[in-house]
Amino acid sequence: CPSGGAEYHQAVETLAYNNFRVRLAETSAELDASQALRYRVFYEEMKASPSAEMRSSKRDFDSFDEICDHLLVIDTDRANGVPGVVGTYRLLRRSVALRHSGFYSAQEYDLTPLLQWDGEIVELGRSCVDTGYRSRAVMQMLWRGLAEYVRVHDLELMFGCASFPGTEPAQLAAQLSYLHHYHLAPPALRPRALAQHYVPMGILPQADFDAQAVLAELPPLIKGYLRVGGFVGDGAVVDHPFNTTDVCVIVKTDQLSDKYDKRYRRPSSPADSL
């Protein structure tokens, strides 16, 4: 099953706005369209290094896809017989991960503090939006779908690797230092990059950069997490195959601000807009 398997799957209401729909993948064709979008963004646009099989199929995939839920934004005007997937998120709940091979992020981070959390937690990953759809509306549809998923599964904690383009941490010194000084997770929720991957984030002292200017320059996804109360773990990780430098982001859902509820949850009536 393309969305977590029948034994794990729980319906999440389809959200609609104009020609867009946001819901979980329900068919193999929809999962395939999501993997094709991921390939275009990660490998063709961001210059990640695909395996021979990925290059041949022009799909981004791994063993985690089979057990994850795949949140999609679908442009119904673009379908033409093929799912018009223009945005996606890959979601893996602990209750599912523990039945299989664990979390994807465990390849880069020691997740022990998060695994000690009593409530249900979910890993977010493979987030991307088609190059022609990077508007506020599409991003908010993804976030609204995520908020509905959090509600349905009573999730208390979200986490996952978020990325900066490039593999030279020195070129990201101000951004990494800003996250380290201003948004480091409390010790009880602080994953640490595995020793073999650990890159210190506190490269610069606070006096050496303009915090507001650096915040404005952060990748949109990382800024989005910070706006809803997100923290980062200890240490960055250089991911050479994906041509990125990763940080681990953690968000407690009970700390989501009123802005999140107003901007990202499902409108209370059709008249409400994004």
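Residues numbered from 1 in each chain as written. Predicted model: local features only at pLDDT ≥ 70, side-chain atom pairs only at ≥ 80, totals over all residues. Heavy atoms only, no water.

Enquirer: How do you make sense of the overall build of the protein chain when you look at a structure like this?
Expert: Regarding its fold elements, the protein chain presents 9 helices and 11 strands. When burial is assessed residue by residue, the protein chain has 54% of its 274 residues classed as buried. Summarising the internal contacts of the protein chain: among those between residues at least 6 apart in sequence, 77% fall at separations of at least 24. Working note: accessible area of the protein chain is about 12400 Å², and carbon and sulfur atoms make up 49% of it. (Helix = DSSP H or I, 4+ residues; strand = E, 2+ residues; numbered from the N terminus. Buried < 20%, exposed > 50% of the residue type's maximum accessible area, 1.4 Å probe, protein only. Contact = heavy atoms within 4.5 Å. Areas by Shrake-Rupley, 256 points an atom, 1.4 Å probe, with all protein chains shown as cover.)

Enquirer: What's the story with the side chain of His183 in this structure? I'm lost.
Expert: Residue position: His183 is located in the loop between helix H6 (173–182) and strand S8 (192–193). By relative accessible area, His183 is classed as buried at 16%. Within the local environment of His183, its side chain forms a polar contact with the side chain of Tyr178, the two groups lying 2.9 Å apart. In this structure His183 touches Tyr178, Leu226, Gly230, Phe231 and Val232, once residues within four positions along its chain are discounted. (Polar contact = N/O pair within 3.5 Å; in protein donor to acceptor, adjacent residues only side chain to side chain.)

Enquirer: Explain a negative patch on the surface here, please?
Expert: A cluster of acidic residues, Asp118, Asp154, Glu156 and Asp254, forms a negative patch at the surface. When you line up the elements, Asp118 lands in the loop between helix H4 (112–115) and strand S6 (121–129). (Patch = residues over 30% accessible without salt bridge, like charges linked within 9 Å, V, L, I, M, F, W, Y side chains within 5 Å. Salt bridge = Lys/Arg side-chain N within 4 Å of Asp/Glu carboxyl O. Lys, Arg positive; Asp, Glu negative; His and termini not counted. Charge placed at Lys NZ, Arg CZ, Asp CG, Glu CD.)

Enquirer: Hey, could you run me through the side chain of Gln35 in this one?
Expert: Of note, Gln35 is situated in helix H1 (residues 28–45). Non-local contacts of Gln35, meaning those with residues more than four positions away in its chain, are made with Lys58, Arg59, Asp60, Phe61 and Asp65.

Enquirer: Even after reading the chapter, I still don't get the pairing of strand S11 (residues 244–252), so can you show me in this structure?
Expert: Side-chain positions along a regular strand alternate between the two faces of the sheet. Of all 9 residues in S11, 9 are buried; the element is thus mostly enclosed. Taking every second residue as pointing to the same face, both faces of S11 are buried, with Thr244, Asp246, Cys248, Ile250 and Lys252 on one and Thr245, Val247, Val249 and Val251 on the other. Across 9 bridges, the pairing between strand S7 (residues 157–165) and S11 is antiparallel. Each residue of the ladder has a partner; that of Phe159, found in S11, is Ile250. With 2 bridges connecting them, strand S9 (residues 231–232) and S11 associate as antiparallel partners. Within the sheet, the bridge partner assigned to Val232 lies in S11 and is Val249. For strand S10 (residues 237–239) and S11, the ladder comprises 3 bridges, and the chain directions are antiparallel. The partner of Val238 across the bridge, within S11, is Thr245. (Pairing = 2+ DSSP bridges.)

Enquirer: What is the right way to read the pattern of salt bridges from this model?
Expert: It is possible for side chains of opposite charge to pair when their charged atoms get near one another. Enumeration over the complete set of coordinates arrives at 15 salt bridges. The partner of Asp130 in a salt bridge is Arg40, with the nearest N and O atoms 3.1 Å apart. On the criterion of sequence distance, the pair formed by Asp130 in the loop between S6 and helix H5 (136–152) and Arg40 in helix H1 is long-range, its members being 90 residues apart. Under the relative-accessibility criterion, Arg40 is labelled partly exposed at 30%. Through salt bridges with shared partners, one network takes in Arg38, Asp60, Asp62, Asp65, Arg90 and Arg126.

Enquirer: What is the right way to read unusual backbone geometry from this model?
Expert: A negative phi holds for most residues other than glycine; trans holds for most peptide bonds. Positive phi outside glycine occurs at Asn18, with the angle close to 50°. The phi angle at Asp154 is positive, at roughly 50°, despite the residue not being glycine. On the accessibility criterion, Asp154 (56% relative accessible area) is exposed.

Enquirer: It is not clear to me how the confidence of the model for the protein chain should be interpreted in this structure. Could you clarify?
Expert: For residues with low pLDDT, the predicted coordinates do not support detailed interpretation. Considering every residue of the protein chain, the mean pLDDT works out to 88; 87% of them sit at 70 or more. Scored below 50 in pLDDT, residues 257–274 makes 32 contacts in the model with residues more than four places away or belonging to other chains. (pLDDT = per-residue confidence, 0-100.)

Enquirer: I tried to follow the packing of aromatic side chains on my own but got confused; where do I start?
Expert: For any pair of aromatic rings, the description rests on two quantities: the centre-to-centre distance and the angle between the ring planes. Across all of its chains, the model carries 9 aromatic pairs by this definition. Measuring from ring centre to ring centre gives 6.2 Å for Phe20 and Tyr133, while their planes differ by 80°; the resulting arrangement is edge-to-face. Taken together, the positions of Phe20 in strand S2 (residues 20–24) and Tyr133 in the loop between S6 and H5 put the pair 113 residues apart, joining distant regions of the chain. The exposure class of Phe20 is buried, given its relative accessible area of 11%. Members of the aromatic cluster, each reached through a chain of ring pairs, are Tyr39, Phe42, Tyr43 and Phe242. Its guanidinium or amino end placed over the ring of Tyr104, Arg90 lies 5.5 Å from that ring's centre, counting from NZ or CZ. (Phe/Tyr/Trp six-rings, centres within 6.5 Å; stacked < 30°, edge-to-face > 60°. Lys NZ or Arg CZ within 6 Å of the ring centre and 35° of its normal.)

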